[in-house]
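Architecture and fold: a report
Listed below are the residues making up each chain.
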Amino acid sequence: MHIYILFTVFESFLFPRTHFLENQFNPATLYQNSFTIHVGTEVRFGLSELRTHTIDAHIRSYGLSVTTFGNDLYRENVMSLGFGFPISETFAVGFSVAILNYWVKYTENHFSYSLKIGSVLHRTPVEVSAWISNMNVPKFSEIDYLPPNYSLRVAYSALYNLSFYLALRGIETQLPFFNVGFFYSPYRVITIGMGAHSDPLLFEYGLEVFVGEFVLNYSGTNHPKLGLSHYVGVGFRL
């Protein structure tokens, strides 16, 4: 398999699938002692062949995530285990290790692993978070590898029910891109999110609804050439 093709392998796992799942992507947020389980599915550009299924669990300070993407001919699978802990009242760090597997029917079945480190600094009304993934540059052969990628995100709570965020993200030595947007909660049980992605230029939007201990969320993006992608999830928390 050529390097050009491999740079598209696990591409959908490099960054959060939706801005509502930002915390699930940073292992440092696991320092918060809680119990949550979240199940979701995403269809990219209206193609059932590009469907992703996810299960994320946060139990105390540990996190377990299982994600699968693809179809009967080609599939990518990721299983990760993470841990987060506080350094001080306002700063926490976290680590995770992921097992990577990509499979092509009759021809390929390769495994590797990925290391990630993250951090969170929270001083009301500002939160700064950062992570680096694929720190070990996972390899599947002498020429097939996954590049490191990173994120630096700043969130600002302007009001008790309104927050803004700006994220700088990138892959290895490529030029970085930006995510910018806001979250607004007109009621305690509803959160609306809207944002933009700079490369490629596309819009993000979403809705999160809390029903007792359950949370329902929907997010979508509109690619200028490839069209709409949709994510639907349901979670349970204590």
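Remember, it's a predicted structure, so these values are computed and weren't measured experimentally.

About the thresholds
Residues numbered from 1 in each chain as written. Predicted model: local features only at pLDDT ≥ 70, side-chain atom pairs only at ≥ 80, totals over all residues. Heavy atoms only, no water. Helix = DSSP H or I, 4+ residues; strand = E, 2+ residues; numbered from the N terminus. Buried < 20%, exposed > 50% of the residue type's maximum accessible area, 1.4 Å probe, protein only. Contact = heavy atoms within 4.5 Å. Areas by Shrake-Rupley, 256 points an atom, 1.4 Å probe, with all protein chains shown as cover. Lys, Arg positive; Asp, Glu negative; His and termini not counted. Charge placed at Lys NZ, Arg CZ, Asp CG, Glu CD. 1 Å grid on protein atoms, 1.4 Å probe; cavity = no way out; pocket = protein on both sides within 12 Å on 5 of 7 lines; lining within 4 Å. Points joined across faces, edges and corners; volume = space filled by probe spheres on them. Nonpolar A, V, L, I, M, F, W, Y, C, P; charged D, E, K, R; others polar. Core = buried A, V, L, I, M, F, W, Y, C linked by side-chain atoms within 4.5 Å. Polar contact = N/O pair within 3.5 Å; in protein donor to acceptor, adjacent residues only side chain to side chain.

1. Quick word on the overall build of the protein
Summing up its helical and strand segments, the protein has 2 helices and 14 strands in all. The principal-axis extent of the C-alpha atoms belonging to the protein is close to 55 × 40 × 35 Å. Taken across its 238 residues, the protein has 41% of its residues classed as buried. At a minimum sequence separation of 6, the contacts of the protein that also span at least 24 residues come to 41%. Of the accessible surface of the protein, which amounts to about 13300 Å², a share of 66% is contributed by carbon and sulfur atoms. Across the protein, the centroid of the 14 positively charged side chains sits 5 Å from that of the 17 negatively charged ones.

2. Section: the layout of surface pockets
As a volume, the second largest pocket reaches approximately 1200 Å³. Lining the second largest pocket are 42 residues, and of these E11, S12, F15, R44 and P200 lie nearest its centre. Counting residues per element, the ones that place at least two in the lining of the second largest pocket are strand 3 (62-70), strand 4 (74-86), strand 9 (162-171), strand 10 (177-187), strand 12 (201-211) and strand 13 (214-223). When residues in the lining of the second largest pocket are grouped by element, the largest group, 4 residues, is from strand 9. Class assignment for the residues of the lining of the second largest pocket results in 18 nonpolar, 13 polar and 11 charged.

3. Some words on the nonpolar core
Among the nonpolar cores identified, the biggest contains 10 residues, and these are F10, F13, F69, V78, A98, L100, Y102, V104, F140 and L146. With 4 residues, strand 5 (residues 91-104) is the largest single contributor of residues to this core. When residues no more than four places from it in sequence are discounted, the contact partners of F10 are E76, N77, V78, L100, N101, Y102, F140 and L146. Counting 6 residues, the second-largest nonpolar core is a separate cluster that includes L14, F25, W131 and F177.

4. Overview of the side chain of S229
Position of S229 relative to the elements: it lies in strand 14 (residues 227-237). Using a relative accessible area of 4% as the deciding quantity, one classes S229 as buried. At 3.1 Å, the side chain of S229 and the backbone nitrogen of F45 are in polar contact. Setting aside its immediate chain neighbours within four residues, S229 contacts E42, V43, R44, F45, S219, G220 and T221.

5. Notes on unusual backbone geometry
When glycine is set aside, most residues are seen to have a negative phi, and most peptide bonds are trans. Cis peptide bonds are those with omega within 30 degrees of zero, and the linkage from T124 to P125 qualifies with 10°. With respect to the helices and strands, the residue P125 is situated in the loop between strand 6 (108-123) and strand 7 (126-133). Even without glycine at this site, Y106 takes up a positive phi of about 75°. Position of Y106 relative to the elements: it lies in the loop between strand 5 and strand 6.

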